[in-house]
Amino acid sequence: MKIWLFYIGLGVDTIGILIAVYFMISDMLKGTGGTDNSIMFSLTFGVFLATLGAWLLKSAGNIVLANVLLWIPGAPLLFYGLFVLLFLIFPVDMK
């Protein structure tokens, strides 16, 4: 069970990192300042380091601490993704 939680958290964090990198690259290519890329880069790099640290902890055999480290940024990302998915499934008239 613990290993499945690790891989689900790893997937959530990886998808979040890839989406953030996509937005940073798209902003740079468009030349717009829609997001502050220096702050977004720092936050994305921090989540990347936490994910890498969790992978190293799992490799060392400490799966519980690796799960905790993965789910600190992973839980809000997962809940936000589910919230957006609910808006896509059940369209809400916000008049």
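This text goes with the structure placed above it.
Residues numbered from 1 in each chain as written. Predicted model: local features only at pLDDT ≥ 70, side-chain atom pairs only at ≥ 80, totals over all residues. Heavy atoms only, no water.

Some thoughts on helix H3 (residues 63-89)
Put simply, the test is: Working definition for bend: take the seven residues up to and ending at a residue and the seven starting at it, fit an axis to each, and measure the angle between the axes. In DSSP terms, a helix is any run of H or I states spanning at least four residues, a strand is any run of E spanning at least two, and both are numbered starting from the N terminus. For the exposure calls, accessible area comes from a 1.4 Å probe over protein chains only, and a residue counts as buried if that area is under 20% of its type's maximum, exposed if over 50%, partly exposed in between. Note on contacts: a residue pair is in contact if any heavy atoms of the two residues lie within 4.5 Å.
Considering bend angle alone, the principal kink of H3 is centred on Trp71 and spans about 45°; proline Pro73 follows within four residues of it. Taken as a whole, H3 has its buried residues at Ile63, Ala66, Asn67, Leu70, Pro73 and Gly74. Those residues of H3 that are buried are in contact with helix H1 (2-30) and helix H2 (37-59).

Examining the layout of surface pockets
Where empty space is left can be seen by rolling a probe of water-molecule size over the atoms. So the rule is basically this: Cavities and pockets are found on a 1 Å grid laid over the protein atoms alone: a cavity is a set of points where a 1.4 Å probe fits but cannot escape, a pocket is an open set with protein on both sides within 12 Å along at least five of seven lines, and a lining residue has an atom within 4 Å of such a point. Grid points are joined across faces, edges and corners, and a volume is the space filled by probe spheres set on the points. Here the nonpolar group is Ala, Val, Leu, Ile, Met, Phe, Trp, Tyr, Cys and Pro; Asp, Glu, Lys and Arg are the charged ones; every other residue, Gly included, is treated as polar.
Roughly 460 Å³ of volume is contained in the largest pocket. Counting only elements with at least two residues in the lining of the largest pocket, the list comes to H1, H2 and H3. Grouping the constituent residues of the lining of the largest pocket by class yields 16 nonpolar, three polar and no charged.

Points about the packing of aromatic side chains
We count it as follows: Under the pairing criterion, centres of Phe, Tyr and Trp rings, with the six-membered ring standing for Trp, must be within 6.5 Å; the plane angle then separates stacked pairs below 30 degrees from edge-to-face pairs above 60, leaving the rest tilted. A ring is considered to have a charge above it if a Lys NZ or an Arg CZ atom is located within 6 Å of its centre and within 35 degrees of its normal.
According to the stated counting rule, one finds six aromatic pairs in the structure shown. Within the aromatic cluster, the residues linked to one another by ring pairs are Phe6, Tyr7 and Trp55. Taking the ring centre of Trp55 as reference, the NZ or CZ of Lys58 above it sits at 4.9 Å.

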